[in-house]
Amino acid sequence: MSSDNKITFYDIASGPPLRTFAPNPWKTRFALNFKGLAYQTQWVHIPGIDSLRQKLGCPANRTHADGTPFHTLPMIQDPKTGKLIGDTFEIALYLDATYPDRPSLFHPLTAGLTAAWNAHVDGIFTSNVMLIDKMPFDPSVQKEVDAIFAKRAGVRSLDDFKLSVEQREQMFVAFEAALGDLAKAWQHTGGTTDYCWAQGGKQTQQPPPGREQGGAFLDGDEPAYADFIVGAWLKMLEASMKPEDWQRVRGWQGGLWGRLVDALSKWSEIK
Ligand SMILES: N[C@@H](CCC(=O)N[C@@H](CS)C(=O)NCC(=O)O)C(=O)O
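For every chain, the first residue of the written sequence is number 1, and numbering continues from 1 onward in sequence order. Local features in a predicted model are, by the rule used here, given only for residues with pLDDT of at least 70; side-chain atom pairs are given and counted only at 80 or more, and totals for whole chains, interfaces and linings are based on all residues. Note that water and hydrogens are dropped before the side-chain values are worked out from all heavy atoms of the structure.

**Here we look at the overall build of the chain**
And step 1. Helix numbering and strand numbering both begin at the N terminus, where a helix is a DSSP run of H or I of at least 4 residues and a strand a DSSP run of E of at least 2. In terms of helices and strands, the chain carries eight helices and eight strands.
And step 2. Over its C-alpha trace the chain gives a radius of gyration of 19 Å, about what one expects of a compact globule, namely 18 Å for 271 residues.
And step 3. The principal-axis extent of the C-alpha atoms belonging to the chain is close to 55 × 50 × 35 Å.
And step 4. We call two residues in contact when some of their heavy atoms are within 4.5 Å. Here the analysis covers contacts within the chain between residues at least 6 apart in sequence; of these, 67% occur between residues at least 24 apart.
And step 5. Values of accessible area rely on a 1.4 Å probe in the Shrake-Rupley scheme; residue burial ignores everything except the protein chains shown. Summing over all exposed atoms, the chain offers an accessible surface of approximately 13,500 Å²; the carbon and sulfur share of this is 54%.
And step 6. Neither His nor the chain ends contribute to the count of charged residues, in which Lys and Arg are positive and Asp and Glu negative. Every charge is mapped onto a representative atom, which is NZ of Lys, CZ of Arg, CG of Asp or CD of Glu. Of the charged side chains in the chain, 28 are positive and 31 negative, and the gap between their average positions amounts to 3 Å. We compute the radius of gyration over the C-alpha atoms and compare it with the globule rule, which gives 2.2 Å times the number of residues raised to the power 0.38.

Here it is as structure tokens:
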């Protein structure tokens, strides 16, 4: 297939070797790979996202605290329909609607449910993002990226966000408990067991017999977009945490997160 017929997938550029690391682009890459669609990646450095989206006429879907438009990735351009889409969830819905003969990202009538899951999962990981060590931005733009992030956060330097050893450990404990609560979805428990994960990630109540161990995916032997949402955040941690911290997260909840990332490796190809 000539590159003219391929979907163009705009992803955030890392340092060499070019690889996906940001969570939202990971959701889209999983989706494209799972559906087996032909695509090519266009890598964009963070400081170039604004001008690219404006040039292509793709409206921003986030807003900075001061009310100005916040341009983000991913974005796809599909020559089959001429469509340009710049929001992860919209992209997933579009791909299922446009390519129904390919594996489905959404089980029937679960788009609303998955949108709520997306917001919930984004919230948990975003509140613990300070546990990462460093995102693998290209060194050539690192200073510019740091300045953009510092300005956005209203601080002079990102060093203002450095956690003490004790604060970090507290955050790890809280993160493990939050993921423990999330893990109940894999065991199909939750509504009836109020809160079975205590600080430190220890399970204090057992799920009903037969549901002690969930599979790698939320429902069944194949992943759905809901699994990609969590997998995308885990891939960001894998790329950005210190290796020993990432091993720690992989092992939580009986190794569920490691199992999920490993099971998703089939759809993790970067092309
Ligand atoms: N609602 C958007 C959010 C996308 C988003 O926040 N993307 C981040 C990467 S995960 C981004 O492009 N950030 C650019 C920046 O921080 O300047 C979506 O789901 O596509």
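**Observations concerning the pattern of salt bridges**
And step 1. Throughout this description, the term salt bridge denotes a Lys or Arg side-chain nitrogen within 4 Å of a carboxyl oxygen of Asp or Glu. Scanning the entire structure with this criterion turns up nine salt bridges.
And step 2. Linking arginine 248 and glutamate 169 is a salt bridge whose minimum nitrogen-to-oxygen distance equals 2.7 Å. On the criterion of sequence distance, the pair formed by arginine 248 in helix H8 (residues 243-263) and glutamate 169 in helix H6 (residues 165-183) is long-range, its members being 79 residues apart.
And step 3. Aspartate 181 serves as the salt-bridge partner of lysine 184, at 3.0 Å between the closest nitrogen and oxygen.
And step 4. Note on classification: 1.4 Å probe, protein chains only; a residue is buried when its accessible area is under 20% of the maximum for its type, exposed when over 50%, partly exposed between these limits. The buried category is assigned to lysine 184, whose relative accessible area is 4%.
And step 5. The partly exposed category is assigned to aspartate 181, whose relative accessible area is 30%.

**Observations regarding the sheet that holds strand E1 (residues 7-12)**
And step 1. Strands are treated as partners if at least two bridges between them are detected by DSSP. Taking strand neighbours across the sheet as the criterion, the four strands line up as E2-E1-E5-E6 in an open arrangement whose pairing is mixed. Two strands lie at the open edges of the sheet, namely strand E2 (39-44) and strand E6 (83-85), each paired on one side alone. The sheet shows a mean angle of 15 degrees between the axes of neighbouring strands, direction not considered.
And step 2. Pairing geometry for E1 and strand E5 (residues 75-78), over three bridges, is antiparallel. Orientation is described by lines fitted to C-alpha atoms, with helices fitted over the stretch in contact, and by angles between N-to-C directions that extend from 0 to 180 degrees.

**Digging into the nonpolar core**
And step 1. Membership of the largest hydrophobic core comes to 70 residues, with the highest contact counts inside it found for Leu95, Val249 and Trp257.
And step 2. At 10 residues, the largest contribution of residues to this core is made by helix H7 (residues 225-240).
And step 3. Not counting residues up to four positions away in its chain, the partners in contact with tryptophan 257 are Leu179, Leu182, Ala183, Trp186, Val230, Leu234, Val249, Arg250 and Trp252. By nonpolar core we mean a set of buried residues, namely Ala, Val, Leu, Ile, Met, Phe, Trp, Tyr and Cys, connected to one another through side-chain atoms within 4.5 Å.

**A few points about the site of the ligand**
And step 1. Proximity is defined per residue: any heavy atom of the residue falling within 4 Å of a molecule or strand makes that residue near it. Contacts to the ligand come from 17 residues, most closely from Arg62, Leu73, Asp87, Thr88 and Arg152.
And step 2. Take aspartate 87: an N or O atom from its side chain is 3.0 Å from a nitrogen atom of the ligand.
And step 3. Between arginine 152 and the ligand, the recorded distance is 2.7 Å, taken from a side-chain N or O atom to an oxygen atom.
And step 4. Where the shell around the ligand is concerned, the elements lending two or more residues are helix H1 (23-35) and helix H5 (142-153).
And step 5. Per-element accounting of the shell around the ligand gives the leading share, three residues, to H1. Pairs of N or O atoms are called polar contacts if they sit within 3.5 Å, as long as, within protein, a hydrogen donor faces a hydrogen acceptor (for residues adjacent in sequence, only side-chain-to-side-chain pairs).

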